[in-house]
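# Understanding the architecture of this molecule
The residues making up each chain are set out below.
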Amino acid sequence: MNTVTRPRILVVGAGFAGVECVRRLERKLAPDEADVTLVTPFSYQLYLPLLPQVASGVLTPQSIALSLRRSKKYRTRIIPGGAIGVDLKSKVCVVRTITDKIVNEPYDYIVLAPGSVTRTFDIPGLTEHAFGMKTLAEAAYIRDHVISQLDLADASDNPAERAARLQFVVVGGGYAGTETAACLQRLTHAAVQRYPRLDPGLIRWHLIDIAPKLMPELGEKLGRSAQEILGRRGIEVSLGVSIDKAGAEEVTFTDGRVVPTHTLIWTAGVVASPLIATLGAETVKGRLAVTAEMCLPGHDGVFALGDSAAVPDLAKGEEGAVCPPTAQHAMRQGKVVADNVIATLRGQPMRPYEHKDLGLVVDLGGKDAVSKPLGVELRGVPAQAVARGYHWSALRTNVAKTRVMTNWLLNAVAGDDFVRTGFQARKPARLKDFEFTDAYLTPEQVRSRVEGAAVEPS
């Protein structure tokens with residue numbers, strides 16, 4: 001007897017792109033039309049733009065972790081793990097589960113939205129001594145670490161050690177780095193008032209970037225305004241500068257300066273997930289080269305989007321322009337990819353992705369912000385209202401919206417708190433410990449594993 005199986009749709013990644021795709025598939029597919037499976041190590045969607053506010057304690061970690069299992073009506077099967085390889089020929093995705101078991105997951109259609117990882121360079125000591133700001137665990141850990149530096153400085157009688165623990169270095173003058181430095185500086189500025197033995201003048205924050213301008217996407221005026229705000233707060237901004245080497249107790253800049261510090265936060269950009277390299281397909285600056293419909297040329301049923309795909313930016317009208325790796329594009333791409341997967345299933349034509357950028361928002365904490373909605377330049381409280389309004393509206397669930405709004409109101413009324421939550425264990429954790437970028441297979445290893453599994457006796 002022949003058994004008719006439903007088409008298998010496999011979505012890799014639960015970021016903005018992957019979750020939007022899954023939710024739309026669930027809404028538009030008939031229950032017996034296809035099986036949908038999602039591969040993700042965590043059963044939540046992380047709202048990345050608000051990570052700096054978690055690191056500074058304005059928001060709780062749970063506020064920006066949007067559960068994927070909250071509603072009973074969703075029927076997607078979740079595989080708790082990370083995709084470490086894809087064999088396009090055999091239509092198999094290799095998954096390492098959270099228990100380190102490696103399994104082969106076959107598919108008929110695959111949507112690749114594995115996102116990005118922190119971009120690092122071959123700088124001595126960087127991965128061993130720097131913190132990242134890409135995961136929820138990193139944000140919570142950094143908060144504990146920064147507060148612990150105040151505790152340790154207060155307990156120390158050594159002036160050199162005290163000064164080193166009260167210096168903080170953030171590398172990366174983009175949105176993540178600028179917001180991280182701004183939010184954490186506010187935290188330390190407020191916290192030091194509770195440490196009578198500490199001189200507030202010893203607390204120094206450095207924000208450095210190899211680029212000549214801070215957040216160049218904002219334009220000349222807004223970028224300068226943001227830099228002036230940071231300067232008034234005492235954050236030393238150094239442009240055209242990067243890290244030459246990093247150590248446990250000091251950092252050497254490329255301009256020769258040596259800064260004694262126990263805190264180096266690295267936010268100097270992102271690159272596509274290492275999963276993309278396992279496909280052996282054409283890439284554009286590390287991102288998978290796809291069509292405007294977000295299909296992989298030459299491979300039926302393969303779609304890619306978000307940070308890991310070089311999706312043509314048709315709205316710009318420029319040859320070779322691709323969409324930037326932002327949440328704004330990822331969310332909208334997720335919906336279009338879902339529609340295109342369904343169209344392929346039903347033998348209908350696909351549609352290309354096209355979206356005009358709505359603008360940029362940068363929350364610097366407190367009443368400080370710069371925003372550029374629809375090209376209109378805003379500063380101060382109006383910019384802050386736009387920034388927080390945009391983030392609040394973009395949160396996917398009402399529960400998340402309620403938690404975030406409650407946290408904002410509580411922080412505005414009661415101020416900051418300075419409790420370490422226990423992530424700062426005796427064993428230190430740095431950049432190399434959070435993103436597991438060494439877990440991926442090579443294309444040859446993927447092929448060998450899939451072929452080996454095919455000949456194993458049942």
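Residues numbered from 1 in each chain as written. Predicted model: local features only at pLDDT ≥ 70, side-chain atom pairs only at ≥ 80, totals over all residues. Heavy atoms only, no water.

Below, the discussion takes up the overall build of the protein. Helix and strand content of the protein: 11 helices and 24 strands. Here the C-alpha atoms of the protein give a radius of gyration of 23 Å, agreeing with the 23 Å that 2.2 N^0.38 yields for 458 residues. Expressed as lengths along the three principal axes of its C-alpha atoms, the size of the protein is roughly 80 × 50 × 45 Å. By the burial criterion, 50% of the 458 residues in the protein qualify as buried. Counting 54 positive and 49 negative side-chain charges, the protein places the averaged centre of each group 6 Å from the other. (Helix = DSSP H or I, 4+ residues; strand = E, 2+ residues; numbered from the N terminus. Rg over C-alpha atoms; globule rule 2.2 N^0.38 Å. Buried < 20%, exposed > 50% of the residue type's maximum accessible area, 1.4 Å probe, protein only. Lys, Arg positive; Asp, Glu negative; His and termini not counted. Charge placed at Lys NZ, Arg CZ, Asp CG, Glu CD.)

Once that is clear, we can look at helix α1 (residues 16-28). Relative to the 18 Å expected for 13 residues at 1.5 Å per residue, α1 spans 18 Å between its end C-alpha atoms, a close match to the ideal helical length. Most of α1 is tucked away: 10 of the 13 residues are buried. Residues of α1 that are buried: Phe16, Ala17, Gly18, Val19, Glu20, Cys21, Val22, Arg23, Leu25 and Glu26. Among the structural elements, β1 (8-12), β2 (35-40), β3 (44-46), β4 (65-67), β8 (109-112) and α8 (327-345) are those in contact with the buried residues of α1. (Expected span 1.5 Å × (residues − 1). Contact = heavy atoms within 4.5 Å.)

The subject of this paragraph is the sheet that holds strand β21 (residues 309-310). The mixed open sheet is built from three strands, whose spatial order is β18-β19-β21. Two strands bound the open sheet, and with one partner strand each, they are β18 (283-284) and β21. Examined bridge by bridge, strand β19 (residues 287-289) and β21 share two bridges and lie parallel to one another. From the neighbouring strand, Ala289 faces β21, where its bridge partner is Ala310. (Pairing = 2+ DSSP bridges.)

Another aspect to go through is the sheet that holds strand β11 (residues 204-209). Strand order in the open sheet made by the four strands is β12-β11-β10-β16, with parallel pairing throughout. What marks the edges here is a single partner per strand, and that holds for β12 (235-239) and β16 (263-266). The mean inter-strand angle of the sheet, taken between neighbouring strand axes irrespective of direction, is 15 degrees. Pairing between β11 and β12: five bridges, direction parallel. Residue His206 lies in a different strand from β12, and its bridge partner there is Glu236. (Axes fitted to C-alpha atoms, helices over the stretch in contact; angles between N-to-C directions.)

To continue, consider the confidence of the model for the protein. Per-residue confidence for the protein gives a mean pLDDT of 91; residues scoring 70 or more make up 95%. Within the protein, the element-level pLDDT minimum falls on helix α11 (residues 443-455), averaging 78, and the maximum on β8, averaging 98. (pLDDT = per-residue confidence, 0-100.)

Counting residues in each nonpolar core, the largest one holds 112 residues, and the members touching the most others are Leu25, Ile64, Val86, Ile110 and Leu112. Counting residues in hydrophobic clusters, the runner-up holds 16 residues, among them Leu126, Val241, Ala246 and Ala268. (Core = buried A, V, L, I, M, F, W, Y, C linked by side-chain atoms within 4.5 Å.)

Here the focus is the pattern of salt bridges. In the structure shown here, the tally under the stated rule is 22 salt bridges. The partner of Arg447 in a salt bridge is Asp87, with the nearest N and O atoms 2.4 Å apart. Pair noted here: Arg447 is in helix α11 and Asp87 is in strand β5 (residues 77-87), with a separation of 360 residues, a long-range link. Here Arg233 and Asp368 are joined by a salt bridge, their closest N and O atoms 2.9 Å apart. Pair noted here: Arg233 is in the loop between α7 (220-232) and β12 and Asp368 is in the loop between β22 (359-363) and β23 (369-373), with a separation of 135 residues, a long-range link. Among the residues examined, Asp368 registers a relative accessible area of 23% and is labelled partly exposed. What emerges from the salt-bridge pattern is a single network uniting Arg24, Lys28, Asp339 and Arg351. (Salt bridge = Lys/Arg side-chain N within 4 Å of Asp/Glu carboxyl O.)

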